Every structure is written in structure tokens, then in C-alpha cells.
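Structure assessment
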Amino acid sequence: MAPSEQRENAASSYTLSADLNENFKQFQTVFDKCGDIQYRQFEWNTAQRGAFIVLNGVGDINAVNMDLLKQAVESSLTGAVQELTEEHRAAIQSKLSFTSQTSWSDDFQTSVEEVLSGALAVLLDGFTQVLLLNVKGLETRSIEEPATEAVIRGPRDGFQENISTNISLIRRRLKTTQLKLEMFTAGKLSGTDIAITYLEGIAKESLITEVKERVGRIQIDAILESGYVEELIEDHSLSPFPQVLVTERPDKVVGNLLEGKVAIIVDNTPFVIVVPGTFFQLLQTPEDYYQRYFVASAIRILRFIAVVSSLLLPSLYIALTTYHHEMIPTMLLISIASSRETVPFPAFVEALLMEVAFEGLREAGVRLPRPVGQGVSIVGALVIGQAAVAAGIVSSPLLIIVSMTGIASFLFPSFQLGLAFRLLRFPMMIAAATFGLYGILMLVLLLLLHMLHLQSFGVPYMAPLSPLRAGELKDVLFRANWMKLKKSPRSS
Amino acid sequence: MDTISRHQLLAISIIYQIGTTIIFGFASGAGRDSWLAVLISTVLGTAIIMVYVSVTHLNPGLTYIECYPKQFGKWLGTPIAWLHPLLFLYIAGRIVADINNLVPSTILPGTPSWAILAIFIIVIGYALFLGLKVMGRLAEIILPLLGLIYVVEVVLILSSGVIDLDNLFPLLDKGWNRVWKVVWPLGIIQSYGESLALAMIWTSVKPKGRVGRTMILSTLLAGSFIAYTDAMAVSVFGEEIFKRATYPMYALIQAINVADFITQLDATGVLYFCFMAFLKTYIYLFAAIRSIQKLTYAQSNRSFIMPVTVIAFVLGLTMAPNVIVHITVVEKIVPYSPIYLSLMIFIPMVLMAVSWLRRKQV
């Protein structure tokens, strides 16, 4: 048996005794080689002693005035106390309850867990119970503008890594008791806090139960990011499409809660999951609702065009230049042909080269450290630029196609959905290269069938377009005036 | 459960009934009176469809196929019922053969036809595995899109300046004779009699009821669409070319020419056709699979999907050596065959009468 397992077993089997030294030793064994643990011992009368145990950095030791704590103990237990009674406990607790949340635990294992998540444990001679003061004080960064979802008009606050801060960001937008929060813990080693939040009476009861059930089922060693949770609770793991909404924006989460969705907040990540996720919801931004509705509608239509072109533009180019020249207007055909004259590759290879180069550049731009980043844009401008044409490797019409595809894929409000379409572009190009427009049609049909088949927590992925709920289309295909959207739609 | 809504049924039916006429034209034998022939066929076709509807109405809860054993008894009913999946498979094979003839000869001249059919069949097989629900949703999404493309097409044709309304007159100058000739039996069987396969999906409509009204609506919409397109084709080409063209509607798309910029849209026409053929083949194969499932009392239809799609693939690949044979068979031989006429028109009428009488007795 490994030593760590031994320790764990000892911890789970140990019951607290009335002897401080024994308890203290047990804590020391469990926290063996944990350099961040702090012990302090003190005496509250001549014969009897006590001890504090806290984890540095997790529990904020300055949050409780140690002297105050000692005084509280001393004044509640005057004289030599032989047997500690319920009265004593109540007295201590009432003296401390104004400084922080306090509780008593008679289970050793629970006390250890509480210390690990930031409690100050107070051991007292003669007590078989441990006083736990919640002094959780994790280092966090300040609330900043979300890096991945910027807006022109709209609130600038974004989630950060601390779950309670994130919850407060939601709470301050919904001052109602209907907003419910249920806490879960998942991850055998990480013990990550997960909060499920929804608006009671607006979110469907069946959806809430389903989400709770799936989150409760999670069995994993550690959860480092909400992506773990997403993958563990989604309906179809064999699909390129994201089936939940992931966002850094509190206003987006609240907007979705108002539509009857359920949000899952995971500790240590600014990315909050909203379920069920549908295709059209992934194509919306909160700003659609802040800007004037004419403009917002136009931008939504622009986004639909972007979706189609990011998927189809390169493959249409391949299909038309390889199989269906006759469809290209004559003058355009001549100019395409003349610029393709010097290019040695077939259209498919040419397009594949450029698309792969472009995807590579994008990926490099994300990973590179800031100071080097400029280098990428310079190289990028050369590779996907006039130099490539001058070198006779690609034709200039293709360059325009690749750039337009790039622009289109930047228009996706959801990065995850954009990734799916970027990926699907490549099979689409293969289909176009082998079967022309017919191949594109067949692959599009296949994709459509797949998307229509997808469900997220019982909600069809393509709803409300299909299955059709005509009343809700006014907030999908365009954005109607708020006068007409007042009633929040229900997810079902 | 694998159910569809009424709206989805409407979308499926409209696409199904317009179907391949979008390329092959409809009733072109009647020349400039073809649109009139279409309208008459539509009215008679609606009557035929009402027969199917009332059969399923008189035998609630049963699919169309199951009515035969129930009403005609095991010995007479079961063999008749078994003819249906065979018929559906045959027609599905015909449509696959349509693809086999049209696609390689128009947009993909160098590609082997088995490859073209293979991916067609694979997509259909996938759709069959996903079930009717997904197909209903697909139809629901595609129908408005097709409508939009059609409107664009009409606008483009109008702006191409090729329409000559004089081509439509004089009306009925050669008498009613040639109109009746295309109406019976081809006009009634094509699109409307073929809606027999749709009868197999009516039991999947939820909420129940008003299937008849939905079907009438879809038939009238599809009929008027075909009539309008026919009239447009005649006014563009004139009677003679229209009658002789193999693919009159395809030619219609080719006629588009706006300012010498938007021209040669034939490939889009073929894509149109491929989608229509896709949905039609799907419905036929679905009907065939469900019939076999009901007749063999199988729990699930999954195990039939593979064999049935493979059969359709082989049928489509081998059915017709060339376009001429294919079209001649489709237009001159099949509609007059006793199996077609009796399964689509006469036996359903008898079935309806028997069902009605037996219900009255009870």
C-alpha cells in the first residue's frame, strides 16, 4: 500500500478524541510534508491548551483576529473546565459568529476537508469536536473585460477564476429569490466546486433535474476547466458541434437564465457553461440586444452569411474551377484562368495549401508570446499575400477566397462553433474536389441531417427553426424590437 | 417515438409531390395545354389521395399496409400487402436511376456513376438510420429555402426577357383529346398516385388528425406549382421544343441569362433535382422498410435498412442502360402496367369500400 493511501485510510478511520495532543498529532500525520500548513498553539488557562490549524493562502489567517479568538475562548471557558459542555460550545460560537461563519464538526475527515478548502480549525483540549471558522481567502485577479468576448456597447465586467465572485456577478443582475444556486463538488483529487444556477419558475423542472443528475454523475480525478464538465455532460460526444454555450460574460449568462436555461459555474475558470445550447443561440451576442434592432438584425444576417461562407467558400471555388466552369461568368472566368495559368497545382491542392497555412498562422498567433506575435503577422502577410502570388504558388482569386473565409470565421460569436466550421471546411473541400457541386450538396445534406439529429438536454439543436416554432423566429433570424420580445421565451 | 408534426408532413408532401417533375416536366405531351392537364390531374389526384386517407381513417392506428390483411383476410390480404414494398423498392430504384442518368451526363461527365450513386445511397442510409423525425425537420428547413430559390429563378427568367405569352395560345386548339391522354393514367399516377408511399408515414404524425386536410393542401400547392412552371416553360420555348425536350425544366434553367452575367445555372438545377430525388427515394425506402417491418412483425426496422438501400443501389445502377430507355419505360410502359394501376387506384378503392361496409355492419 502506498504511504499516501495509508494516510488516507488512517484519516478516514480516525475519530476525534478528547485529548488535544492526540488530535493534533493526527492532523500532523495527515498534513505530513504539506509545507503550506500552519499550526499555532495557545493556552487558554494554565492546564488546558488549544491549537489553530490553517492552510496558508487558502485560508486567510488575517481574516480572524487571533487575539480575539483566544479571548473568546478564554472568556467562555472561565476557570478550570473539566468537561466541556454544549453550553461552552454555544458560548464560543456566539462570540465568534460575527467575525465569520463558524461550525462544529465531530468528524475528523470533514475537518480535514474543510481545512483544505480554507477553514481555520480550532482544536481545544477536552473537546471531541473541532471548531471550524470559514476564513476562505484565495488570491484572485480583479474583474476585467472578457478577453474573448468584447463588445462596443455593454457591460465590461467578465467572470474570473473565483466561483463566489462569479456568482456575485450574476446575483447582482438578478435581485430575486427566484435565482437558485445549488452547489456540487466533483473531482476526487481536485474537489472542484460546481454551482448550478437557474431561475426557479422559468427554467423547466425536468431540465434542472437532468442537469443535476448529469453533474452528480461526474466521476473524474480532477476538473481543471469547465471543458471537462462540458464533455462529461453533453449528449453527443461524437459530434464536431459544441452543444453547450460557453461564455465569460455575466450579462450573457443572465440573459440565458431569463430564457429558462441553466448555467453551470465551475471554480477556477472564467468560462461558464449554459445548457441547453442550440445552434442559433451560439450565433448570438449580448450586444444584439443592446444595439438598435435594425442594426442588430442586419448584423445577424451578416453572421448567417459568414456561417455559410466560412464553410463553403473554398469548396465552391474548387468545385466551380474544377468541374463547372460554365457557371462562372465569362469575363470572370477569363481573369481567373489567366491568373491560374502560372500556378502548377490543381485548385484543390492550391486551396488546401493556403487554408492549412492560414489555420497554422491563426494557431501560432494564439500560442505565441506577445513580443514575438508581431513576427507572425509579418510572415503571415507574406505567406498569405502578394508574395505567394508573385512566386507562382497560388492564384490571386484564391487568395481573396481564403481571406474572405478567414474574415467569415472571425465573425462567429462562439469560438467553439467557429472551430467546428473551420474543421468541417476541409472535408467539404475534399468533397468538392471529388464530386464538385454534387459532392458539396451531399455533404451539406449529411451535415444538416446530423445537426437536425443533435439534441442538447432534450432540446433539438436547430430549434426553433426546426422543429418550427414560428413565434420564436423573430429572435432568431433577426432581432425584433424589445416591445415584441418582452416576454422571455421558454426553452423546451 | 419517431414522430413528425403536421407542418413537417406538409413540407415532406410538397417536396415529394413536386419531386422529380422539377426536371422531367409534367404532362409535356399535352403541349401548350399541359398546365391545364396538370390542374385536372391535380383535382383527380386529390380524389385518389382522399381514398388513401379514408382507408387509414377507417382503420385507425394501422399503417396503410396493415389494412389489407385486416380487411381482406390473411390469405388474400397478405400477398397484396407484400406487393407494396416491392413496388416502393422498384420506384426507389427508378429514382436512383434518374440520378444515374442525369448527374453524370450533365455536371460530372468524368466521374464513374457507381461512385455518384454510392454517396447518394450512403447519405440516404444515414438519414434512414436517424429516422423520420430528422427527415421531417430537414424538409421543414429546406422547403422555404427551395421556395426562395424558386422565386429567384422565376425573377431571373422574367428578367431574361425570354417569355412570350403568345406561346400559350390558342388554348385547346387540338381539342381535349391530348389533355385526357396525359391525365389518364400518367398524370394521376405521377406525383399523386405515388403519394401511396406517404400513406405509410401518416401514422407517425403527432398530434393525430387532420392528415387529410394537410394532404389536400400540399397536393393543391404542389399541383399549382407544377402547372405554373409548365406554363412558364411553354411560354419560353413554345409548344414544339417543350414537347420534344428530355428535360424541359432543366432547359428552362438553362434559358436564364441576365445581362450576360448570370448564365448557365444548369448545375443548380441538377442540385435541385438531386435534393428532390433524395427526399423521394428516402420516403420510398422508408415506406418499403416500414412495410416489411409491419408484415414480418419485426420489433425494429434497423436490420432492414442496409439490405433495402443496397437493393435500391443495385436497381438504380442496372435498371436502365441509357436515358432514352429509362424515360420511355417511365412514361410509356410503367404507368399502363396493371400492377401500377391496380395497386395505386383500383385496389385502394375496393379496400375503402370493404372497410366502409365492414365498419357499417359492426
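Residues numbered from 1 in each chain as written. Chains lettered and ligands numbered in written order. Predicted model: local features only at pLDDT ≥ 70, side-chain atom pairs only at ≥ 80, totals over all residues.

Basically, it comes down to this: UniProt positions are given in the numbering used here, feature names are shortened, and annotations may be inferred rather than shown by experiment.
As named in an unreviewed UniProt entry, chain B is Spore gernimation protein, taken from Paenibacillus paeoniae. The Subcellular location (unreviewed entry) comment attached to chain B in UniProt states, word for word, "Membrane". The UniProt entry for chain B carries this comment under Sequence similarities (unreviewed entry): "Belongs to the amino acid-polyamine-organocation (APC) superfamily. Spore germination protein (SGP) (TC 2.A.3.9) family."

In the annotation of an unreviewed UniProt entry, chain A is listed under the name Spore germination protein and assigned to Paenibacillus paeoniae. Its UniProt record gives chain A the following Sequence similarities (unreviewed entry) comment, quoted word for word: "Belongs to the GerABKA family."

1. Topic: the overall build of chain B
For the record, the criterion: Only runs of H or I of at least four residues qualify as helices and only runs of E of at least two qualify as strands under DSSP, and these elements are numbered from the N terminus. Only C-alpha atoms enter the radius of gyration; for comparison, a globular chain is expected to reach 2.2 Å times N to the power 0.38, where N is the number of residues. Burial in this document is a count-based property: other C-beta atoms within 10 Å of a residue's C-beta are tallied, and the residue is buried at 20 or more, exposed at 12 or fewer, or partly exposed in between, with C-beta positions derived from the backbone.
For chain B, the helix and strand inventory stands at 14 helices and 2 strands. Against the globule reference of 21 Å for 362 residues, chain B gives a C-alpha radius of gyration of 20 Å, in line with a compact fold. Principal axes of the C-alpha set define a box for chain B whose edges measure 65 × 45 × 40 Å. Across the 362 residues in chain B, those meeting the buried criterion constitute 48%.

2. Here's the deal with the domain arrangement of chain A
Condition: Delimitation of the domains relies on an automatic or database domain assignment.
In terms of domain boundaries, chain A breaks down into domain 1 (3-134), domain 2 (163-277) and domain 3 (289-474). On a C-alpha basis, the centroid separation for the pair domain 1 of chain A and domain 3 of chain A is 62 Å.

3. Description of the sheet that holds strand β9 (residues 262-266) of chain A
Residue and element names in this part refer to chain A. Put simply, the test is: At least two bridges found by DSSP between two strands is the condition for calling them paired. Fitting a line to C-alpha atoms yields each axis, with helices limited to the stretch in contact; the angle taken between N-to-C directions then spans 0 to 180 degrees.
The strand order across the open sheet built from 5 strands is β6-β7-β9-β10-β8, with neighbouring strands paired in antiparallel fashion. This sheet does not close on itself; its edge strands, each paired only once, are β6 (179-186) and β8 (245-247). Each strand of the sheet is rotated relative to its neighbour by a mean of 25°, with strand direction disregarded.

4. Some remarks on the interface of chain B and chain A
Selection rule: Residues are defined as contacting one another if the C-beta atoms placed from their backbone atoms lie within 7 Å.
Taken residue by residue, the interface counts 27 residues in chain B and 22 residues in chain A. Listed by contribution, the elements that provide at least two residues to the side of chain B that touches chain A are α5 (113-130), α6 (132-160) and α11 (266-296) of chain B. Ranked by the residues each element gives to the side of chain B that touches chain A, the list is headed by α5 of chain B, at 7 residues.

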